[in-house]
Amino acid sequence: MLPSTPGADLTPSEDNGVGLSDSTLSQHRRKMLDLINRLHTTGLTDMDLPMIAVIGSQSAGKSSLIESISGITLPRSAGTCTRCPTECKLSRSEDSWKCLVKLHITTGPSGQPCDVRTIPFGSPITDKDDVEDRIRRAQRAILNPSTEPQKFLYELEDQTAEQAELSFSKNCVSLSISGKDVADLSFVDLPGLIASVGSAGKTGDIDLVKGLVTSYIEKPSCVILLTVTCETDFENQGAHHLTKKHDPEGKRTVGVLTKPDRIPPGEESMWLNFIRNEKEPLVNHWYCVKQPGSQTLQSGISWAEARNEENTFFALTQPWSSLEPQYQKFLRTSNLTERLSTILSELIAKRLPEIHKELYNILRKTQDEMRKLPKAPSTDPVGEVWGIIGQFSKQLFQRLEGTPDQDGILQTIRPHQQEFKRAVRETAPRFIPWAKGEIRELPAIDFLANEEDEPQKSREGVHPMLTPRSPTPQSGIYIEDVLSHAQRARTRELPDNYPFIVQETYIKEFTEKWETPSQILFDEVYDILKNDLSVLVHEHFGKMGRGGALHSVLMIVNEHLDKAAKQAREKINWLLELEKAPTTLNVHYYSDYKIKFLGYYKGCRDREELTTKLQNYRAPTTMHTSPNHGQAFHQGIQKALTGLTEIGLSVQASDLPKLLPVDPMEPALLIMAGVRAYFQVAYKRFADMVPLAIDYEIVRGLHKDMEQALLDGLSLTGPDAYVRCQLMVQEHSSVASKRTELQKKLDRLNAASLELRKLFV
């Protein structure tokens, strides 16, 4: 019977279980550990789940420590024993003890990331003595990725580390151990950090192992089980320096001193300072364990015998046996495993709210990524393709008919129509009703004031179709040139008549200028439709299949657009041809404008005071005399109007300038007034008809027969329709792979979410 030592746990028998399977664990602790183990089982790699990572320098005793915790035997050989991570997932079960071995593949043969795969490696193991050989074979399979893994289950040739394809690997051997006396815990044994490689080794292995270890311990939820051997100088053990880099305050590190029986004489006190937490203090303290030596292991010592031997060592060996009572709890594997269980369960409980939140965010993000993928291929490819074409045609019709959106097609076209009208109006002939020698400004034409340009804001972003005129007083068609032209054109007409060719010449000059703004308007509308059509096609067909359908549809709709554009061009050219033969049936409109322009030109020529008074005369609206005219002038106007009325002439004050003497330039004035009046009739007609023609032929006309053009162009009505539709909706391999990957991820996340919900049921 061993003497009772403060802080020493009772030595368990083999029937009482191993490591963390202590039956005194509280229900809450077991519940926490069981939850995180199930979360790991779901294959969830997207979250920082709490776990224990065992690290240490080469030959620091990590494997022996793992054996003491898990109750299994790990492979041992000369040099570095662990050449890939070994995950141990321990779970309590009412069934008999068993161990499942799997290969967890995350990188390819060259170390590049690959699709995550979990490969079962052999049948379940029911005898603990068989675990060591299976792990050795699994590690051999990991280190030789070009060979079929199952080959190593039945063939295992002696192979040194140098003979393997890889000296180390990030892929891991996964052990799932369950049984009645097995704890609920997950931890990973990582390759030991190395300071140098042998003659046949690879220099890159040092950084490879360091990077592998770092990828685990840098995670905030990783409990670092740092193993430090007492037979080597502490400062020379690189694992300590790496741990301190990622856990500088020592909050999540548990230190473990191994091989205390190999401490050189006289150095015991230095290592006791770690146990007292006086040197390199850690929040969770330092522990010391004593594992069996190589010769003892070869003799086949049991777990219970190893724990008895450990207890005897600390109870009888100085300076450990005389260590202060408060520090005795930091000696022995049983105390370490108890503390690890507590630390991990508390970390899990603390992290639960964050795990909930992280899981929800990752789940939502993954669902969003899944929604962004093209719609999964339908089992009815013909119905799917026809349905998409129908939806496209319907939305196209709505866009062309007009939508209330700010960026609607009609809203986008309208500013260009207004600019077209302005450009055509700018082509009006500028007749000057006085001699060339006179330098005067043409007065504003009051009766055209309602035809001023639209507000500048409505023309923002629209390029002018013609360069706006900035006339000088000398620019324009002078009245003497008009008369001279008329006289040259006379043939056999009577003296007071002039041939129509004179007016026709001036009319032709402005109608010829209408072709440019007409073409510009057409081009603008064409570009707007083509861009809108492209957006619409990408919206409906952009995610269909491998992209071939998109290109085919774009070609078909653009050909259909060009067909409608050709008809619109023909109609515009036809309208331009019509305007080459001046004519109008709008006699009243033409006559009214001719009278107004004749009066305007006459008023501009006559600069006499009487003419000015008559042009500016406004009858007073009150009993008082108009401020612009004297009493005598007003009375004279009234007498003249009264006299003309008495003889049967209905005349207003504004008609009185017509009674002035005949101007010698009267024929030229009549020609000018007629041409200018016809411009008002023709430009308004043309400014309406061209936009209407474009709207009818290419805007509204674009939807006409569009659906049939797509069906014919894609050959969706013939005997090969099913095959063609099937090819159209067949998604790209990369999309299919992405969909499968996201679906697997969603399955893992949903499984994890279910496990979290079970915790509170």
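Residues numbered from 1 in each chain as written. Predicted model: local features only at pLDDT ≥ 70, side-chain atom pairs only at ≥ 80, totals over all residues. Heavy atoms only, no water.

As recorded in an unreviewed UniProt entry, the protein chain goes by the name P-loop containing nucleoside triphosphate hydrolase protein, listed as coming from Suillus discolor.

Engineer: How do you make sense of the side chain of Gln139 when you look at a structure like this?
Structural biologist: The residue Gln139 is located in helix 3 (residues 131-143) in this model. Within the structure, the side chain of Gln139 is placed 3.4 Å from the backbone nitrogen of Arg83, a separation counted as a polar contact. (Helix = DSSP H or I, 4+ residues; strand = E, 2+ residues; numbered from the N terminus. Polar contact = N/O pair within 3.5 Å; in protein donor to acceptor, adjacent residues only side chain to side chain.)

Engineer: How do you make sense of the pattern of salt bridges when you look at a structure like this?
Structural biologist: Where charged atoms from two side chains of opposite charge come close, those side chains can pair. If you walk through the whole model with that rule in mind, you get 28 salt bridges. The partner of Glu426 in a salt bridge is Arg422, and the shortest N-O contact between them spans 4.0 Å. Close ionic contact of Lys602 with Glu666 constitutes a salt bridge, the shortest N to O distance being 3.2 Å. Here Glu666 lies in helix 20 (residues 666-703) and Lys602 lies in helix 17 (residues 587-605), a separation of 64 residues in the sequence. Look at the salt bridges and you will find they share partners, linking Glu231, Lys259 and Arg262 into a network. (Salt bridge = Lys/Arg side-chain N within 4 Å of Asp/Glu carboxyl O.)

Engineer: Could you clarify how one ought to interpret the environment of Ala565 in this entry?
Structural biologist: Position of Ala565 among the secondary structure elements: in helix 16 (residues 548-578). In the structure, Ala565 is positioned 137 residues away from Leu702 in sequence and 8.7 Å away in space, judged by C-alpha atoms.

Engineer: Help me out: how do you make sense of the nonpolar core in this one?
Structural biologist: A general tendency of soluble globular proteins is for nonpolar side chains to be buried together. Core analysis: the biggest nonpolar cluster contains 99 residues, and Leu225, Ile275 and Trp320 have the highest contact counts within it. Per element, the largest residue contribution to this core is 12 residues, and it comes from helix 10 (residues 333-372). In terms of nonpolar packing, the next biggest core, distinct from the first, is built from 86 residues, Phe597, Ile671, Ala709 and Leu710 among them. (Core = buried A, V, L, I, M, F, W, Y, C linked by side-chain atoms within 4.5 Å. Buried < 20%, exposed > 50% of the residue type's maximum accessible area, 1.4 Å probe, protein only.)

Engineer: Looking at this structure, how should I read the packing of aromatic side chains?
Structural biologist: Taken as a whole and assessed by the stated rule, the structure comprises 23 aromatic pairs. Relative to Phe314, the ring of Phe313 lies with its centre 5.2 Å away and its plane at 80 degrees, an arrangement referred to as edge-to-face. Exposure class is identical for Phe313 and Phe314. Each is buried. Stacked on the ring of Phe313, the Lys or Arg Lys290 has its end atom at 5.9 Å from the ring centre. (Phe/Tyr/Trp six-rings, centres within 6.5 Å; stacked < 30°, edge-to-face > 60°. Lys NZ or Arg CZ within 6 Å of the ring centre and 35° of its normal.)

Engineer: Sorry if this is basic, but what is going on with a nonpolar patch on the surface here?
Structural biologist: A contiguous nonpolar surface patch, about 310 Å² in accessible area, is contributed by Tyr722, Val723 and Leu727. Mapped onto the fold, Val723 is located in helix 22 (residues 721-729). (Patch = residues over 30% accessible without salt bridge, like charges linked within 9 Å, V, L, I, M, F, W, Y side chains within 5 Å. Areas by Shrake-Rupley, 256 points an atom, 1.4 Å probe, with all protein chains shown as cover.)

Engineer: Can you walk me through the environment of Ser518 in this structure?
Structural biologist: Note that Ser518 resides in helix 15 (residues 515-541). When its relative accessible area of 0% is taken as the criterion, Ser518 is described as buried. Distance in space between the C-alpha atoms of Ser518 and Arg569 is 9.5 Å, their sequence separation being 51 residues. With sequence-adjacent residues up to four places away left out, Ser518 is seen in contact with Phe420, Ile572, Leu576, Phe686 and Val690. (Contact = heavy atoms within 4.5 Å.)

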